[in-house]
Amino acid sequence: MNAYGKLGVIMWDIKGSGAAAGINDDGTDLMYGLGAHYMFTDQLGIVGEWEWYDIDNDNDIDLFSIGAMYKF
């Protein structure tokens, strides 16, 4: 099993429509995360990640994901 970290910047842009009409905002904010992957064979494995986004200092977003990895 291998673990890794992420650190970066996210650029976002919101343009509301319908019930959210008039909500328009954008910005650039910090993101970071942790992840790990495990290879069952030399080509096939599984990966899991947690990412955190600090959107406009008011809203935080946590993203959890799990997926398959295939190396060719």
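Report follows, based on the coordinates. (Residues numbered from 1 in each chain as written. Predicted model: local features only at pLDDT ≥ 70, side-chain atom pairs only at ≥ 80, totals over all residues. Heavy atoms only, no water.)

**As for the sheet that holds strand S2 (residues 24-39)**
Here is step 1 of the chain: Strand order in the open sheet made by the 4 strands is S1-S2-S3-S4, with antiparallel pairing throughout. At either end of the open sheet lies a strand with only one pairing partner, and these are strand S1 (2-15) and strand S4 (59-70). Shown here is a sheet whose adjacent strand axes are inclined to one another by a mean of 20 degrees, direction ignored.
Here is step 2 of the chain: Where S2 and strand S3 (residues 44-55) come together, 9 bridges link them in antiparallel fashion. Its bridge partner being in S3, Leu34 is matched across the sheet by Trp50. (Pairing = 2+ DSSP bridges. Helix = DSSP H or I, 4+ residues; strand = E, 2+ residues; numbered from the N terminus. Axes fitted to C-alpha atoms, helices over the stretch in contact; angles between N-to-C directions.)

**Considering the side chain of Asp29**
Here is step 1 of the chain: Within the fold, Asp29 resides in strand S2.
Here is step 2 of the chain: As a buried residue without a salt bridge, Asp29 has its nearest oppositely charged side chain in Lys15, at a separation of 15 Å.
Here is step 3 of the chain: Reaching out from Asp29, the side chain makes a polar contact with the side chain of Trp12 at a distance of 2.6 Å.
Here is step 4 of the chain: Ignoring anything within four residues of it in the chain, the contact list for Asp29 reads Gly8, Val9, Ile10, Trp12, Asp54, Ile55 and Asp56. (Buried < 20%, exposed > 50% of the residue type's maximum accessible area, 1.4 Å probe, protein only. Lys, Arg positive; Asp, Glu negative; His and termini not counted. Salt bridge = Lys/Arg side-chain N within 4 Å of Asp/Glu carboxyl O. Polar contact = N/O pair within 3.5 Å; in protein donor to acceptor, adjacent residues only side chain to side chain. Contact = heavy atoms within 4.5 Å.)

Note that all results are geometric; they support no functional claim without further evidence.
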